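Single-letter residue listing:
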Amino acid sequence: MDLMTIQEGREHIIDRVQTGDEALENFLFTLGCYAGEPITVIARRWGSCTVAIKDGRYNMDTRLAKAITVVEM
Amino acid sequence: MKIALVGNPNSGKTTVFNMLTGRNETVGNRAGVTVEKKCALIKKLYSGEQEITAVDLPGAYSMSAYTAEEHITGNYIKEEAPDVIVNIVDAANLSRSLFFTTQLLELGIPMVIALNKTDINKKKGTRINCEELSRLLCCPVVETVSTRAEGLTALVAATVRQLGTEQPTPFPALAQLPQGKAADKKRFSQVKKLVAQVETRKVFTKDRNAQDRVDMILTHPAAGIPIFAAVMFLVFQVSQSWLGPVLADGYTFENGFTLPGLVTLIDAFKEQVSFLLEQAEANPFLTALLTEGIIGGVSAVVGFLPLVMVLYFLLSLLEDCGYMARATVVLDPLFKKVGLSGKAVIPFIVGTGCAVPGIMAARTIPNQNERNAAVMLTPFMPCGAKLPVIALFAGAFFKDATWVGTLMYFAGIILILLCALLVNRITGSDPKGSYFIIELPEYKLPDGKRAFRDMCSRGGEYILKAGTVILLCNAAIFLMQSFDLSLQPVAEGMADTSILAHIASPVAALLVPILGVAAWQMAAATVTGFIAKENVVGTLAVCYGISNLIDTEGLEMLEGAGTQVAAVFGITRVAALAFLMFNLFSPPCFAAIGAMNAELKDKRWLFGGIALQLAVAYTLSFLVYQVGTLITTGSVGAGFSGGLIAVLVIAAVVTGLCLRRKKL
């Protein structure tokens, strides 16, 4: 499952972040977005989705949302 | 004593810095507003007798430099060794912020934590046990609300107390681990434990709230773009058509009482100066230099100040409320199609105030090609200095029609999109190759007082520029126009023999295909416009001897002055529109080119960018003039064949560049 397919508003655990872009993955790490951490999709729309990571809200494009796979809590 | 303000992006460092030092650095409710370090002395009110320098650093999420701004921050702390670090922590996002805090605590530099935005926590019922946090982190924690200057006296006092002390490492086990992902994961879990110990929440971030519902509307794929367009339209409409002109021209109440506008006051001042000089029987040439050359040119520019200031005020409110981050979300899918990042919308919006900070704002775009494209294209957005030029032409040729200004902004946006496609074609970068992520800050009520201060400080800069660069340019233009090549005064009606006419004539010849006539005055205005765009207005005012460009008394007079100005210029409306576009979209002022140079690093990108701007401006204005003339008169305008050759050469070069990339 990736962020584009899971239910909105339900907390999931990140399984993998696979973008092929090391700098980006390091950056995501500093936000607390890495395997084992909780993530919640707040809302999805055409082209992007809003997520909650730790106590912050972020918007990411579909491409990045698909690169983050999650598992049920 | 030197203290460094360090913390996550959008934690409020610059607001603290401004409050402590009395400076007026740009702030905004989004990540990445500050891209360079800034230093200033702290006000005596806070520091007392001690001299304390505060250093405001760009936001960072960690000590490992993943972004250009983090690099600046990390390097500064490591190399410059501030006496005390003030770590500004967003109290509403402890679980992320304290990661960086734990890294900072291991540097051995005395530290104080400013737990900022505690007002948001109060509203949400989140409680943080500061004493416990302070005990666990082995450093003082001071609660602050930087926007209201709350807690800052206590913060500075705590900072002074920390000077010269030894900073203990709160988690020695973490510090001893070799740097890397494994250690950082432990760090995050340590932070998680810590937050659990000190924080109690009633509202959880993972739950959808009212702000999310607002987001759903503002970032809606169908509604988002019209909302964005409406917001920007409103900003320009208010500054250029509603409030700005009232402040410039004055306002007459129903009972006949007239509140004078800025232009009215300037005119009165000018008349007074002329009168006094006449009375004193001063040298007529010097009188003319002072009243027509210097005061005339400068006042023509200053007259537009209200329009520019209202624009700055509104842009400041827009930055403050948190909408900018949403605008990037709305435009990202659209921008991606032409190979730009959605984050490029920030440089473009900031660029409507001034291209220099706009170009610098492009630093937050991680992908290099996307960043370079944004830097090259930001100057296409008409900036505050171009606003007087737009207003002058709209007033003189189009009866102050508001569509002229709106059209220019939309033309700017369309040019940006088209040129982004072209740049991608030429450089061969893959527009689908980048990811996009941006933090969505909490909305807040914009601070009118701060926006007012911001407006005044930028208005002050505008006046300063008018009083220095523009004054000198106008004086030089006046002198060059008054003397011929043998340094004799130019005789009446022989203006074409002046030094200025000689220098500007070659440029004037190049402008025939977009003006229809060879007007050296227009050419001179274009050239001085490269120094500062307001110069276009100043130079035209000096060359044609008209300085009252915004009129004072009602619509009839306004139309009267407009037609008069149009008649003096001696070009058609179509030519006026073409010339206006040429000035707006041709390479910007020196300051902006300097900023482009600093950001692009590679000279090929810089020269490519300038060539692109020149080519686009020339082609567009050529097409506007020739097609417009064809439609209005039935035949193409003067200089058609020459212009066509130039445009064909441009097209050939561009095609060649695109094909070359394909072969590679």
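Bear in mind that the values here come from a model prediction, so they are computed numbers and not experimental data.

The next subject is the interface of chain A and chain B. In this assembly, 33 residues from chain A lie in contact with 40 residues from chain B. Connecting chain A to chain B are five salt bridges. Across the contact surface, chain A and chain B share 18 residue pairs in polar contact (both at pLDDT 80 or more). Elements that contribute at least two residues to the side of chain A that touches chain B include exactly α1 (22–31), β2 (38–45), β3 (48–53), β4 (56–61) and α2 (62–67) of chain A. Residues belonging to the side of chain A that touches chain B are distributed by class as follows: 14 nonpolar, nine polar and ten charged.

To continue, consider the environment of D602 of chain B. All names here are of chain B. One can find D602 in the loop between α27 (590–600) and α28 (603–633). C-alpha of D602 to C-alpha of N372: the two residues are 230 residues apart in sequence and 9.6 Å apart in space. From its side chain, D602 meets the backbone nitrogen of R604 in a polar contact 2.9 Å long.

Now for the side chain of K343 of chain B. Residues and elements named next belong to chain B. Relative to the elements of secondary structure, K343 occurs in the loop between α15 (323–337) and α16 (345–351). A distance of 3.0 Å separates a polar side-chain atom of K343 from the backbone oxygen of I437. Not counting the four nearest positions on each side in its chain, K343 is found in contact with T328, T364, I365, P366, F436, I437 and I438.

Our focus in this paragraph is a nonpolar patch on the surface. Nonpolar side chains collect at one region of the surface, where V246, Y251, F253, F257 and L259 of chain B lie side by side and expose about 460 Å² of accessible area between them. Locating F257 of chain B in the fold gives a position in the loop between β9 (250–252) and β10 (258–260).

Residues and elements named next belong to chain B. Here K13 shows up in helix α1 (residues 13–21). Despite its burial, K13 remains without a salt bridge, the nearest opposite charge being carried by D56 at 6.1 Å. Among the polar contacts made by the side chain of K13, one reaches the main-chain carbonyl oxygen of G7 at a distance of 3.5 Å. Not counting residues up to four positions away in its chain, the partners in contact with K13 are L5, V6, G7, N8, D56, L57, P58, G59 and I88.

Residues and elements named next belong to chain B. Counted by the stated rule, this structure contains 25 salt bridges over all chains. Ionic pairing is found between D90 and K117, a salt bridge with its closest N-O pair at 3.8 Å. Of this pair, D90 sits in strand β4 (residues 84–90) while K117 is found in the loop between β5 (111–116) and α5 (118–124), placing the two residues 27 residues apart along the sequence. Each member of the pair, D90 as well as K117, is classed as buried.

Looking now at the confidence of the model for chain B. Residues and elements named next belong to chain B. Mean pLDDT for chain B: 90, with 96% of residues reaching 70 or above. When the criterion is pLDDT under 50, residues 550–560 qualifies, and its contacts beyond four places in sequence or with other chains add up to 17 contacts. Predicted complex metrics record ipTM = 0.97 and pTM = 0.90.

The periodicity of an α-helix, 3.6 residues per turn, causes residues three or four positions apart to be oriented the same way. Residue and element names in this part refer to chain B. Within helix α6 (residues 130–137) the residues assigned to the buried category are C130, L133, L136 and L137. The arc that holds the buried residues of α6, viewed along the axis, is 130°, so those residues lie on one side. Opposite the buried face of α6, at more than 90 degrees from it, the exposed residues are E131 and R135. Against the buried residues of α6 lie α4 (94–104), β5, β6 (127–128), β7 (141–143) and α9 (181–198).

What follows is about the sheet that holds β4 of chain B. Residues and elements named next belong to chain B. The six strands are arranged β2-β3-β1-β4-β5-β7 in an open sheet whose pairing can be described as mixed. Only two strands of the sheet have a single neighbouring strand rather than two, namely β2 (38–41) and β7. Neighbouring strand axes in the sheet, compared pairwise and without regard to direction, differ in orientation by 25° on average. In terms of strand pairing, strand β1 (residues 2–7) meets β4 through five bridges, oriented parallel. Counted as the bridge partner of L5 is V86 from β4. Sitting on the sheet, helix α3 (residues 68–80) is in contact with β1, β3 (53–56) and β4, with an inclination near 150° to β1.

Reading across the sheet, the six strands line up as β5(A)-β1(A)-β2(A)-β3(A)-β4(A)-β11(B) and stay open at both edges, with antiparallel pairing between neighbours. The open sheet is flanked by β5 (68–72) of chain A together with β11 (437–439) of chain B, the only strands paired with a single partner. Ignoring which end each strand starts from, the neighbouring axes of this sheet average 40° apart.

All right, on to the packing of helix α14 (residues 305–321) of chain B against helix α21 (residues 448–482) of chain B then. All names here are of chain B. For the pair α14 and α21, the least separation of the axes is 8 Å and the interaxial angle reads 140°. Judged by the inter-axis angle, α14 sits oblique to α21. Note that α14 runs across α21; the crossing there is right-handed. Of the residues in α21, those touching α14 at L305, V308, M309, Y312, F313, S316, L317 and D320 are G448, R450, A451, F452, D454, M455, C456, R458, G459, Y462 and I463. Counted by class, the contact of α14 with α21 contains twelve nonpolar, three polar and four charged residues.

Another point: the domain arrangement of chain B. For interface size, the figure often reported is the accessible area lost on association. Residues and elements named next belong to chain B. Domain boundaries assigned for chain B yield domain 1 (2–200) and domain 2 (208–249 + 259–505 + 518–569). Its C-alpha centre places domain 1 at a distance of 38 Å from the equivalent point of domain 2. Both sides of the domain 1 and domain 2 interface together cover about 1700 Å² of buried area, and 45% of this is carbon and sulfur. Taken as a group, N24, N29 and R30 account for 41% of the area that domain 1 buries against domain 2, more than any other trio of residues on that side. Between domain 1 and domain 2 we count four salt bridges in total. Among the ionic pairs, K124 bridges to E442, the shortest N-O distance being 2.4 Å. Applying the counting criterion to the domain 1 and domain 2 interface returns ten residue pairs in polar contact (both at pLDDT 80 or more). Going through the elements one at a time, α3 and α5 are the ones with two or more residues in the side of domain 1 that touches domain 2.

The rules we used
Residues numbered from 1 in each chain as written. Chains lettered and ligands numbered in written order. Predicted model: local features only at pLDDT ≥ 70, side-chain atom pairs only at ≥ 80, totals over all residues. Heavy atoms only, no water. Contact = heavy atoms within 4.5 Å. Salt bridge = Lys/Arg side-chain N within 4 Å of Asp/Glu carboxyl O. Polar contact = N/O pair within 3.5 Å; in protein donor to acceptor, adjacent residues only side chain to side chain. Helix = DSSP H or I, 4+ residues; strand = E, 2+ residues; numbered from the N terminus. Nonpolar A, V, L, I, M, F, W, Y, C, P; charged D, E, K, R; others polar. Patch = residues over 30% accessible without salt bridge, like charges linked within 9 Å, V, L, I, M, F, W, Y side chains within 5 Å. Areas by Shrake-Rupley, 256 points an atom, 1.4 Å probe, with all protein chains shown as cover. Buried < 20%, exposed > 50% of the residue type's maximum accessible area, 1.4 Å probe, protein only. Lys, Arg positive; Asp, Glu negative; His and termini not counted. pLDDT = per-residue confidence, 0-100. Arc of directions from axis to C-beta. Pairing = 2+ DSSP bridges. Axes fitted to C-alpha atoms, helices over the stretch in contact; angles between N-to-C directions. Parallel < 35°, antiparallel > 145°, perpendicular 65-115°, else oblique. Left-handed = near helix turned anticlockwise from the far one by under 90°. Domains from an automatic or database assignment. Buried area = accessible area lost by both parts, 1.4 Å probe.

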